[in-house]
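# Summary of structural features
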Amino acid sequence: MNNQIKRGMHGAVVKDKAGGCCCQVGRGSEAITNAIETSPSVLAKKPGTVYEGMVLLSGGAFLMGTEDREGFPADGEGPVREVGVDPFYISPYAVTNAEFAAFVTDTGYRTDAEQWGWSYVFHLYVTKESEKDVRSAARNTPWWWVVEGANWRCPEGSGSHIGERMNHPVVHISWNDAAAYCTWSGTRLLSEAEWEFAARGGLVQKRYPWGDLLKPDGEHRCNIWQGKFPYKNNASDGYETTAPVDAFSPNGYGLYNMVGNVWEWCSDWFSPYSPVQDVRINPQGPSSGKARSTRGGSYLCHKSYCNRYRVAARSSNSPDSSAGNMGFRVGATFQ
Ligand SMILES: [Cu+2]
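Structure report, in brief. (Residues numbered from 1 in each chain as written. Predicted model: local features only at pLDDT ≥ 70, side-chain atom pairs only at ≥ 80, totals over all residues. Heavy atoms only, no water.)

In terms of nonpolar packing, the biggest core is built from 68 residues, with Ile90, Phe100, Trp144, Leu300 and Phe328 touching the most fellow members. No other element matches the six residues that helix 4 (residues 175-185) contributes to this core. Each residue touching Phe100, except ones within four places of it in the same chain, is listed here: Val95, Thr111, Trp152, Val170, Ile173, Asp177, Tyr181 and Phe328. With seven residues, the next largest nonpolar core counts Val121, Val134, Trp145 and Ala150 among its residues. (Core = buried A, V, L, I, M, F, W, Y, C linked by side-chain atoms within 4.5 Å. Buried < 20%, exposed > 50% of the residue type's maximum accessible area, 1.4 Å probe, protein only. Helix = DSSP H or I, 4+ residues; strand = E, 2+ residues; numbered from the N terminus. Contact = heavy atoms within 4.5 Å.)

If you want it as structure tokens, here you go:
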């Protein structure tokens, strides 16, 4: 690490009102890149193996979006509008390391992070062994360090392992990687509308999957940041980084960790201009774009900074971006 990056870490943390997220970082933000271009991996398709274990949601009309005073209007969280979605399947959990490992074993797939040779690791979690592999920090979010060799198998860089975390969500996953897994498993990513329908768990216009209070009865309900961001995560929710995918209670639809833990990629291209306003039935987002939508926030989210662990909160990232808090959840069409 050079001194400039260290100084950056001690700079003032400006509250992020909209348009980005403390815990979202994308390729192109790094000061120095070590890009290694390789051809995409060839995939073996294994369709039709999925619906076991998934939850079938009936779909229907719901009130999507929010005008919550805690929200970020510039992200396109509002206005609140009635949206309809067809019935669909959704996994109760984010895709785990064990599941992703099965995909890689079967196909030899190499993730974007592996092809680029690096990924973003949150500064506090970079291993001692990989300090030598730190190349730079993200320009506007200097708590994200570019670490060579960081990828889904070594989430904190060399010397880190997922062996004890096979039931945790896979991380350092780009949108491209998530889409490849879906192709292999016969699943698909959820649209933002489906994701939000699911996250709300049958409740109407509540802030979180369980209601309006972050900690009902003082009890933690999701894995986010506690303490002073980005210096110290007190982990009073029990987890400093990822939690097992079935940690905490599920929402009313039996879905776990729809908010917190890891960001989840959706199928839509992202637009902050509420792209679903015009399409009220099965909205799919804009037809093109530069970034894909992400939902749910992560273990790094804190109210003092980004507050995007609300069910209506939105963020986005370029499709080849990866970081230690980015994962995904799969769905499937009901037919
Ligand atoms: Cu965040």
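Turning next to empty space enclosed by the protein. Across all of its chains, the model carries three cavities of 30 Å³ or more by this definition. For the lining of the largest cavity, a count of residues per class yields eight nonpolar, five polar and two charged. As for the second largest cavity, its lining consists of 14 residues, and the residues nearest its centre are Pro209, Trp210, Arg221, Ser249 and Asn257. Among the residues forming the lining of the second largest cavity, the class breakdown is 10 nonpolar, three polar and one charged. (1 Å grid on protein atoms, 1.4 Å probe; cavity = no way out; pocket = protein on both sides within 12 Å on 5 of 7 lines; lining within 4 Å. Points joined across faces, edges and corners; volume = space filled by probe spheres on them. Nonpolar A, V, L, I, M, F, W, Y, C, P; charged D, E, K, R; others polar.)

Turning our attention to the packing of helix 2 (residues 97-107) against helix 4. Where helix 2 meets helix 4, the closest approach of the two axes is 11 Å, and the angle between their N-to-C directions is 75°. Judged on the interaxial angle alone, helix 4 and helix 2 are roughly perpendicular. Touching Glu99, Phe100, Ala102, Phe103, Asp106 and Thr107 of helix 2 are Asp177, Ala180, Tyr181 and Trp184, all from helix 4. Here the residues of the contact of helix 2 with helix 4 sort into six nonpolar, one polar and three charged. (Axes fitted to C-alpha atoms, helices over the stretch in contact; angles between N-to-C directions. Parallel < 35°, antiparallel > 145°, perpendicular 65-115°, else oblique.)

Our focus in this paragraph is the pairing of strand 3 (residues 81-85). Of all five residues that make up strand 3, four are buried, and the element is covered over most of its length. Note: strand 2 (residues 60-64) against strand 3, five bridges, orientation antiparallel. Each residue of the ladder has a partner; that of Leu63, found in strand 3, is Glu82. (Pairing = 2+ DSSP bridges.)

A word on the pairing of strand 7 (residues 144-148). For strand 7, the buried fraction is high: four of the five residues fall into the buried class. Inspection of the sheet shows strand 5 (residues 118-122) paired to strand 7 by five bridges, in the antiparallel sense. Pairing of Ser119 across the sheet is with Val147, part of strand 7. Where strand 6 (residues 134-137) folds back on strand 7, the antiparallel hairpin that results is connected by six residues.

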